[in-house]
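Fold and geometry: a report
So the chains spell out like this:
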Amino acid sequence: MELRNFFASIGIAVSGLALIHLAREIFVYVRPSSLPRYLKKDEKGTSWAFISGASDGIGLGFAHELCRRGFNVFIHGRNYEKLRRLQDDLCALYPERQTKIVIYDASELAEDVDERIMDEVGDARLTLLVNNVGGMAMMKPSPYVKLHDFSYNEMKTVLDVNANFTAQLTRILLPRLMQSQPSLVINISSIAKLGFPWLVPYSATKAFVSALGEGLSAEMRADKQDVEILGVIVGSVSTAGHNVSEGLFVPSAGALASATLDRVGCNRLSVWGYWSHRLRGFPLELISQKTFQAAATKEIRRLRQDILDKAADKDKDK
Ligand SMILES: NC(=O)c1ccc[n+]([C@@H]2O[C@H](COP(=O)([O-])OP(=O)(O)OC[C@H]3O[C@@H](n4cnc5c(N)ncnc54)[C@H](OP(=O)(O)O)[C@@H]3O)[C@@H](O)[C@H]2O)c1
């Protein structure tokens, strides 16, 4: 009898802990966003957000969503025509917002980066940085490449666009963010940070972006700076750089951007931006990283083969 009571007590305690854990997880997705904390409108001007890689995909989603939520935006990229079209769209949809184009090719990082970025930012009241630029779209025909098949320059480009540019941009803009505090940095990472095959350098950069944010968050707290750093884990999103159909587990770029802004203030170093990505990541709490990698490998193998088949068909048609 006493033994039965003992096991019943353990069962109740474990169920209680699981319920608390579940309630905490749900709270992250239903609590109101703290984004308005970073939006100031007074005699010193309106807050600006800087979005890297804003000409397409998730970055473009952030540009729309931040304008809709009251921010002026710096839209960064390398293609002036695309950014100009985005600027026209934003001006038509949100005539009260200001927008500014910042051109800098992240694959051509050089010592002039400080000067060129700050020349554009001027004395704007910057309260938000979205470190979004990245992806593997530069690898043609397929983003899924074995590590030993990269050339020196290809690997350098992947590292510069996905990691180095983000670190340099954060370093350059941080003094301005501290000056305008409270302020916020959103770092777009990926589920690939767990280590995916045929995406090895990309996986490594996504782990770098997460660690960069976690270290900086600790530094801001240690120095009593009111700068929130939020790492965002992203699963599959339908974008120009990731050509997959939208579905329950594959949101649009706009939906991902909006969901991410809703997570602001959740008091975590990193969070799954989109609820269904969180659901797909749930097994990680129960199974080993190796088992998770094995499941991801199956999916990536299929995606990789599809792209290679399509490229082979195109070659035949030529
Ligand atoms: N889509 C997904 O499933 C997914 C999943 C996890 C994480 N993510 C992350 O989300 C972020 C955005 O991905 P996405 O799918 O939206 O990518 P995307 O559609 O390819 O858009 C990438 C953006 O970055 C810009 N960009 C690329 N290379 C650049 C360079 N050298 N210099 C300046 N700008 C450059 C692109 O400009 P152009 O318009 O000129 O190409 C575009 O604006 C990335 O950090 C990616 O790792 C995406």
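Calculation rules
Numbering of residues starts from 1 in every chain and runs along the sequence as written. Two thresholds apply to this predicted model, a pLDDT of at least 70 for residue-level local features and 80 or more for giving and counting side-chain atom pairs, whereas whole-chain, interface and lining totals are computed over all residues. Calculated side-chain values reflect all of the structure's heavy atoms, with hydrogen atoms and water omitted. UniProt positions are given in the numbering used here, feature names are shortened, and annotations may be inferred rather than shown by experiment. Secondary structure elements are taken from DSSP: a helix is a run of H or I of four residues or more, a strand is a run of E of two residues or more, and numbering for both begins at the N terminus. For the purposes of these results, a polar contact is taken to be a pair of N or O atoms within 3.5 Å, where, inside protein, one atom must be able to donate a hydrogen and its partner to accept one; residues adjacent in sequence count only when each atom of the pair is a side-chain atom. Should any heavy atoms of two residues lie within 4.5 Å, those residues are counted as being in contact. Each Phe, Tyr or Trp ring (for Trp, its six-membered ring) is paired with any other whose centre lies within 6.5 Å, and the angle between the two planes then decides the class: stacked below 30 degrees, edge-to-face above 60, tilted in between. For every residue, the accessible area obtained with a 1.4 Å probe (protein chains only) is divided by the maximum for its type, and the residue is called buried under 20%, exposed over 50%, and partly exposed between those limits. By definition, being over a ring means that NZ of Lys or CZ of Arg is both within 6 Å of the ring centre and within 35 degrees of the ring normal. The rule for a residue being near a molecule or strand is that one of its heavy atoms must lie within 4 Å of it. Using the Shrake-Rupley algorithm and a 1.4 Å probe, accessible areas are obtained, with residue cover drawn only from the displayed protein chains. Residues are sorted three ways: Asp, Glu, Lys and Arg are charged, Ala, Val, Leu, Ile, Met, Phe, Trp, Tyr, Cys and Pro are nonpolar, and all the rest, Gly among them, are polar. To count toward a patch, a residue needs a relative accessible area above 30% and no salt bridge. Like charges then connect within 9 Å, nonpolar side chains (Val, Leu, Ile, Met, Phe, Trp, Tyr) within 5 Å. Salt bridge, as applied in this entry: a Lys or Arg side-chain nitrogen positioned within 4 Å of an Asp or Glu carboxyl oxygen.

For the chain, the name recorded in an unreviewed UniProt entry is Short chain dehydrogenase/reductase, with Talaromyces proteolyticus as its organism. The record held by UniProt for the chain lists under Sequence similarities (unreviewed entry) the comment "Belongs to the short-chain dehydrogenases/reductases (SDR) family." What UniProt states about the chain under its Subcellular location (unreviewed entry) heading is, verbatim, "Endoplasmic reticulum".

Quick look at the side chain of Ser-258 now. Looking at where Ser-258 falls in the secondary structure, it is placed in helix 7 (residues 253-262). A distance of 3.2 Å separates polar atoms of two side chains, one belonging to Ser-258 and the other to Arg-69. Aside from chain neighbours lying at most four places away, what touches Ser-258 is Glu-65 and Arg-69.

Applying the stated rule across the entire model yields 5 aromatic pairs. Where Phe-6 meets Phe-7, the ring centres are 5.5 Å apart and the plane angle is 65 degrees; that geometry is what we call edge-to-face. By relative accessible area, Phe-6 is classed as partly exposed at 46%. Taken together, Trp-48, Phe-50 and Phe-74 form an aromatic cluster joined through their ring pairs. Here the basic side chain of Arg-280 rests over the ring of Phe-249, its NZ or CZ set 5.4 Å away from the ring centre.

Among the 33 residues in the neighbourhood of the ligand, the closest are listed as Ser-55, Lys-82, Asn-132, Tyr-202 and Thr-239. A distance of 2.8 Å separates an oxygen atom of the ligand from a polar atom in the backbone of Ile-58. Residue Val-237 places a main-chain N or O atom 2.8 Å away from an oxygen atom belonging to the ligand. Within the complex, the protein chains bury 92% of what would otherwise be the 890 Å² of accessible surface of the ligand. Listing elements by their share of the shell around the ligand, those giving two or more residues are helix 2 (57-68), strand 4 (72-77) and helix 6 (200-222). For the shell around the ligand, a count of residues per class yields 11 nonpolar, 17 polar and 5 charged.

Next up on the list: a nonpolar patch on the surface. A contiguous nonpolar surface patch, about 520 Å² in accessible area, is contributed by Leu-3, Phe-6, Phe-7, Ile-10 and Val-14. Summarising the element assignment, Val-14 is placed in helix 1 (residues 2-30). Val-14 gets classed as exposed once you look at its relative accessible area, which sits at 52%.

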